[in-house]
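Chain by chain, the residues run as shown.
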Amino acid sequence: MNKAVSVTDSAARAVPSLPDAQTVTSVRHWTDKLFSFRVTRPASLRFRSGEFVMIGLMGDPHPETGKQKPLLRAYSIASPAWDDELEFYSIKVQDGPLTSKLQHIQPGDEIILRPKPVGTLVHDALLPGKRLWFFATGTGFAPFASLLREPETYEKFDEVVITHTCRDVAELAYGEELVKSLKDDPLIGEMVEDKVRYYPTTTREDSPVMGRITTLLQNGTVFADLDLPVIDPETDRAMVCGSLGFNKDIKEVLEGFGLVEGANSDPQHYVVEKAFVD
Ligand code: A2P
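About the thresholds
- Residues numbered from 1 in each chain as written.
- Predicted model: local features only at pLDDT ≥ 70, side-chain atom pairs only at ≥ 80, totals over all residues.
- Heavy atoms only, no water.
- Helix = DSSP H or I, 4+ residues; strand = E, 2+ residues; numbered from the N terminus.
- Rg over C-alpha atoms; globule rule 2.2 N^0.38 Å.
- Buried < 20%, exposed > 50% of the residue type's maximum accessible area, 1.4 Å probe, protein only.
- Contact = heavy atoms within 4.5 Å.
- Domains from an automatic or database assignment.
- Buried area = accessible area lost by both parts, 1.4 Å probe.
- Salt bridge = Lys/Arg side-chain N within 4 Å of Asp/Glu carboxyl O.
- 1 Å grid on protein atoms, 1.4 Å probe; cavity = no way out; pocket = protein on both sides within 12 Å on 5 of 7 lines; lining within 4 Å.
- Points joined across faces, edges and corners; volume = space filled by probe spheres on them.
- Near = heavy atom within 4 Å.
- Polar contact = N/O pair within 3.5 Å; in protein donor to acceptor, adjacent residues only side chain to side chain.
- Areas by Shrake-Rupley, 256 points an atom, 1.4 Å probe, with all protein chains shown as cover.
- Sits in = over half its atoms within 2 Å of the grid points.
- Nonpolar A, V, L, I, M, F, W, Y, C, P; charged D, E, K, R; others polar.
- Patch = residues over 30% accessible without salt bridge, like charges linked within 9 Å, V, L, I, M, F, W, Y side chains within 5 Å.
- Lys, Arg positive; Asp, Glu negative; His and termini not counted.
- Charge placed at Lys NZ, Arg CZ, Asp CG, Glu CD.
- Expected span 1.5 Å × (residues − 1).
- Arc of directions from axis to C-beta.

Draft legend 1. The overall build of the protein chain, seen in detail. Each helix and strand counted, the protein chain has nine helices and eleven strands in total. Relative to the 2.2 N^0.38 estimate, which gives 19 Å for 278 residues, the radius of gyration of the protein chain is 20 Å and therefore close to what a compact globule would have. Taken along the three principal axes of its C-alpha coordinates, the protein chain extends 70 × 40 × 35 Å. Split into buried and exposed, the 278 residues of the protein chain put 50% on the buried side. Contacts in the protein chain between residues far apart in sequence, at least 24 positions, make up 73% of those at least 6 positions apart.

Draft legend 2. Summary view of the domain arrangement of the protein chain. Domains assigned within the protein chain are domain 1 (3-118) and domain 2 (123-272). Here the C-alpha centre of domain 2 lies 28 Å away from the C-alpha centre of domain 1. Counting each side, the surface lost to burial between domain 1 and domain 2 is near 1,700 Å², with a carbon and sulfur contribution of 59%. On the domain 1 side of the contact with domain 2, Trp-30, Trp-82 and Tyr-89 bury the most area, a combined 36% of that side's loss.

Draft legend 3. Fine view of the environment of Pro-233. Position of Pro-233 among the secondary structure elements: in the loop between helix H8 (221-226) and strand E10 (236-242). What makes Pro-233 partly exposed here is its relative accessible area of 26%. When the C-alpha positions of Pro-233 and Phe-223 are compared, they lie 15 Å apart, and in sequence the two are ten residues distant. Among all residues touching Pro-233, those that are not within four sequence positions of it are Phe-257, Gly-258, Leu-259 and His-269.

Draft legend 4. Quick look at the pattern of salt bridges. If you walk through the whole model with that rule in mind, you get 16 salt bridges. Residues Glu-152 and Lys-156 are paired through a salt bridge, measuring 2.7 Å at the closest nitrogen-oxygen approach. Within this pair, Glu-152 and its partner Lys-156 are both found in helix H4 (residues 151-156), separated by four residues, close to a single helical turn. What you see here is one network of salt bridges that share partners, running through Arg-38, Asp-83, Glu-85, Glu-87 and Arg-149.

Draft legend 5. Structural view of empty space enclosed by the protein. Counting across every chain of the model gives one cavity of 30 Å³ or more. Volume-wise, the largest cavity comes out at about 120 Å³. Taken together, 15 residues form the lining of the largest cavity, with Ser-76, Tyr-89, Thr-139, Ala-275 and Phe-276 sitting closest to its centre. Secondary-structure elements contributing two or more residues to the lining of the largest cavity are strand E4 (70-76), strand E5 (85-91) and helix H3 (142-147). Of the domains in this structure, domain 1 (3-118) and domain 2 (123-272) are the two that each give at least three residues to the lining of the largest cavity.

Draft legend 6. Representation of the site of the ligand within the structure. Around the ligand, a shell composed of Thr-137, Thr-165, Cys-166, Arg-167, Thr-203, Arg-204, Arg-212, Thr-214, Gly-245, Phe-246 and Asp-249 is seen. Contact between the ligand and Arg-212: an oxygen atom at 2.9 Å from a side-chain N or O atom of the residue. Taking Phe-246, its main chain carries an N or O atom lying 3.4 Å from a nitrogen atom of the ligand. In the complex, the protein chains occlude 78% of the 550 Å² of accessible area that the ligand would expose alone. More than half of the atoms of the ligand fall within 2 Å of the grid points belonging to the largest pocket. Secondary-structure elements contributing two or more residues to the shell around the ligand are strand E8 (159-166) and helix H9 (244-256). Residue contributions to the shell around the ligand peak at three residues, all from H9. Considered class by class, the residues forming the shell around the ligand number two nonpolar, five polar and four charged.

Draft legend 7. Geometry of a positive patch on the surface. Together, Lys-33, Arg-167, Arg-204 and Arg-212 make up a positively charged patch on the protein surface. Along the chain, the position of Arg-212 falls in the loop between strand E9 (196-202) and helix H7 (213-218). The exposure class assigned to Arg-212 is exposed, which follows from its relative accessible area of 54%.

Draft legend 8. View of H9. Across its 13 residues, H9 extends 19 Å between first and last C-alpha, which sits within 8% of the 18 Å expected from 1.5 Å per residue. Restricting attention to buried positions, one finds in H9 the residues Phe-246, Asn-247, Ile-250, Val-253 and Leu-254. Here the buried residues of H9 occupy an arc of 125° about the axis, which is enough to place them on one side. Structural note: H9 exposes Leu-244, Lys-248, Glu-252 and Gly-256 on the side pointing more than 90 degrees away from its buried face. At its buried positions, H9 is contacted by strand E7 (131-137), H7, E10 and strand E11 (270-274).

Rendered as structure tokens:
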């Protein structure tokens, strides 16, 4: 039996079947502005931990033609390459074309996922080193949620430092829980041991460490707090993911320490990617 639909016959005919559809398996709301969700993984999808894909939903039907176009945005895959499912961590923008709708997804719903992973926050883009720094602001934590669960991270580095700067304490919750879960992870728990140092900071609400990470690096607070030597191109590698302004400012800080930016085709000391926001 056909279900009644609220679109005209011509509009209904124009609606294409959802391309590259994947099914939502779980959704978690962290704050009124942040949520994470998991979807089924296409059997053919291979990616490197830290890469991103285009995901989205069908847009509203065109008022005259009834045609719908996919509304896609770049999202870092927050789950590691070995996971059976794919995880994403997203902001909710009330008037954002995609996230105003995406924030309402429920288990069983379908999203579109274009299976073409790309990105620079990958181990291949870094030279070998001793200590790996992950610098994230806001939803820029997502690629590091993947890389923190990636065995290669611990095979290649003796120590991993993840810094996460958010405006408020509540915005740190996704990252905090992820870091806490690492030691109990059946696959990488033993590799992680005490290798991960977590350094959360807030800028607009009181917390144990206040301030922008750029400032805390420049004035030496990070190194004093973690009892680590100052970043050095001989030993330290870095990956950065945040807003455009953050990426620009931290590049300057890292280059001040002598680090050189790398790419897939030219591995160096650090790599940067924009946290894609709607
Ligand atoms: P601040 O509150 O001082 O702007 P946003 O939500 O705007 O993307 O910011 C997320 C976090 O990143 C906030 O704590 C914010 O600090 C910080 N941030 C934003 N821009 C920069 C920047 N250019 N350098 C360092 N930190 C930044």
